[in-house]
Structure formats: structure tokens, C-alpha cells
Amino acid sequence: MTDRASVAILISGRGSNMQSLVRATQVPGFPARIVGVISNKPDAAGLDFARSLGLPTAVVQLKSHPDKDAADAAITRQLEDWGAEWVCLAGFMRVLSAGFTRRWQGRLLNIHPSLLPKYKGLDTHQRALDAGDTEHGCTVHQVIPELDEGPVISQVRVPIFPGDDAETLAARVLIEEHKLYPAALAKAIRESRSGD
Ligand code: GRF
């Protein structure tokens, strides 16, 4: 058995968090390696980055399957083919089935751009601004069937400044996301091993 955990990443779009995870695995001592990237969108920009590094990629579209359970089963088959032990959702914009989350329970992580349990769902930056919050942030958590719930692994706070709009705030949070996700993944892997 390799001493680096095998991790697959699920994306839907630009994949900047995927890139930060891939880069982290290139640092000696990081406890994971990336075994593949799956997108539910064939035109996801992140796929080009993954391919440029020679990483295995796959596209699994809901519309190519009779229902969500069948699409998610196809994702699981691909993940198992790659030998994935952990799955990181990185801007994967489709809610996964309960069967999928059960299959990967404890090994399925997500990054969300808010200080959960605040602002589950979409438009988190605008909602934090509209609420008059003075701080915002991002969270890496275990995925359970309920959207954006599940045990928190790590969070980072960022200040909200006067004059911020959703775009400036999103950019400040994203910088922290790129540091948080690799650190949270490494933490989750190490904690799971210490419990072995
Ligand atoms: C990030 O803000 C992430 O927190 C959220 O979706 C966005 C994905 O961005 N879940 P990217 O595709 O990783 O650049």
C-alpha cells in the first residue's frame, strides 16, 4: 500500500481549488496523490489543467443517465477504477445522491465559501454583505446527504471591509480557500490514520 492516500477531485467549472490541491500534492511529504478528476460538465475549464498535467479525467453527465442514482453510480465506478480512497468536491455544482454520500462517507470532502453553518447554498458572498456581516470565510467539511452540512474539518475567517462587493469579497475568500483545502485534506487523512 502506498503511504499517500489516493484522492479524486470532482469539479464543474474553473477548478482553481482543484489546482491548489494538485499543487499541494507536488510538495514532498504531502499525504495524498491525485488519481483523477471528474467533471459533470464537458467544457469545465479545470479539465484542461488536469489534462495538461497528464492526470486521468472523466466526464459524467446527468443527462447521459436515466437518473441521478445511475449517474452517481457511474461516478463511483470511475472512482473505484482509479482506486480512489478519498473524494474532494471542488466547485462540483450538483447535489450528490444519498447513496453516493453513504458510499464515500467519511472520505468525501467539500469546500464551501462561507463560515458554515452560515449561508448554505449559493450567493454566499452577497448574502454575507446583505446581512451586514463584518467577517466571512470558507469551510471544508465532510459531506452528508444534507446540503452543506456535515462535520466541519477546518474554517478560515476573512474580514469584510467597507466598500466590498461580492466580487472583491469572493476574491479575498478564494485566496484562503486555496490554502485551506489542501491543509484540511491533509488533516483529515492524518486523523483517519491515527484512528486506524
Ligand atoms: C469555490 O468558491 C468553492 O468554495 C465553491 O465553488 C467555487 C469553485 O471555484 N464550492 P473553483 O472551480 O475551485 O475555482
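What you see is a predicted model, and the numbers here were worked out from it, not measured in a lab.

**Comments concerning the site of the ligand**
No. 1: Around the ligand, the structure places Arg14, Gly15, Ser16, Asn17, Gly91, Ile111, Pro113 and Glu177.
No. 2: In the environment of the ligand, an oxygen atom lies 2.5 Å from a nitrogen or oxygen atom belonging to the side chain of Ser16.
No. 3: Glu177 is positioned with one of its side-chain polar atoms (N or O) 2.7 Å from an oxygen atom of the ligand.
No. 4: Coverage of the ligand by the protein amounts to 85% of the 370 Å² it exposes when considered alone.

**Observations regarding the layout of surface pockets**
No. 1: When its volume is computed, the largest pocket comes out at roughly 920 Å³.
No. 2: Gly91, Phe92, Met93, Ile111 and Pro113 are the residues nearest the centre of the largest pocket, which is lined by 39 residues in total.
No. 3: Top element by residues in the lining of the largest pocket is helix H6 (residues 166-194). It accounts for six residues.
No. 4: By residue class, the composition of the lining of the largest pocket is 17 nonpolar, 14 polar and eight charged.

**Some words on the side chain of His125**
No. 1: As for its placement among the helices and strands, His125 is situated in helix H5 (residues 124-130).
No. 2: In this view, His125 contacts Pro113, His136, Ala166, Leu169, Ala170 and Val173; residues no more than four positions away in its chain are not counted.

**A few points about the environment of Thr101**
No. 1: Structurally, the position occupied by Thr101 is in helix H4 (residues 98-103).
No. 2: Not counting residues up to four positions away in its chain, the partners in contact with Thr101 are Leu96, Leu108, Val143, Ile144 and Pro145.

**Topic: unusual backbone geometry**
No. 1: Look at the link from Leu116 to Pro117: it is a cis peptide, with omega at 15°.
No. 2: Along the chain, Pro117 turns up in the loop between strand E5 (108-112) and H5.
No. 3: Despite not being glycine, Tyr119 shows a phi value in the positive range, around 55°.
No. 4: Here Tyr119 shows up in the loop between E5 and H5.
No. 5: Residues other than glycine seldom take positive phi values, yet Asp148 does so here, at roughly 55°.
No. 6: Residue placement: Asp148 occurs in the loop between strand E6 (135-142) and strand E7 (152-159).
No. 7: A residue is classified by how much of its surface remains accessible, and Asp148, at 10% relative accessible area, is buried.

**With respect to helix H1 (residues 16-25)**
No. 1: Burial analysis of H1 places eight of its ten residues in the buried class, which makes it a mostly covered element.
No. 2: All of the buried residues along H1 are Ser16, Asn17, Met18, Ser20, Leu21, Val22, Ala24 and Thr25.
No. 3: Tucked inside the fold, the buried residues of H1 contact strand E1 (5-11), strand E2 (32-39), helix H2 (45-52), strand E4 (86-89), E5 and H6.

**Comments concerning the packing of H1 against H6**
No. 1: Put simply, H1 and H6 touch, their axes get as near as 9 Å, and they point 45° apart. By the angle class used here, H1 and H6 are oblique. For the pair H1 and H6, the sense of crossing is right-handed. The residues of H6 that touch H1, namely those facing Ser16, Asn17, Ser20, Leu21 and Ala24, are Leu174, Glu177, His178, Tyr181, Pro182 and Leu185.
No. 2: Residue classes in the contact of H1 with H6 are distributed as six nonpolar, four polar and one charged.

Rules used throughout
Residues numbered from 1 in each chain as written. Predicted model: local features only at pLDDT ≥ 70, side-chain atom pairs only at ≥ 80, totals over all residues. Heavy atoms only, no water. Near = heavy atom within 4 Å. Polar contact = N/O pair within 3.5 Å; in protein donor to acceptor, adjacent residues only side chain to side chain. Areas by Shrake-Rupley, 256 points an atom, 1.4 Å probe, with all protein chains shown as cover. 1 Å grid on protein atoms, 1.4 Å probe; cavity = no way out; pocket = protein on both sides within 12 Å on 5 of 7 lines; lining within 4 Å. Points joined across faces, edges and corners; volume = space filled by probe spheres on them. Helix = DSSP H or I, 4+ residues; strand = E, 2+ residues; numbered from the N terminus. Nonpolar A, V, L, I, M, F, W, Y, C, P; charged D, E, K, R; others polar. Contact = heavy atoms within 4.5 Å. Buried < 20%, exposed > 50% of the residue type's maximum accessible area, 1.4 Å probe, protein only. Axes fitted to C-alpha atoms, helices over the stretch in contact; angles between N-to-C directions. Parallel < 35°, antiparallel > 145°, perpendicular 65-115°, else oblique. Left-handed = near helix turned anticlockwise from the far one by under 90°.

These results come straight from atomic positions and should not be treated as a statement about function.
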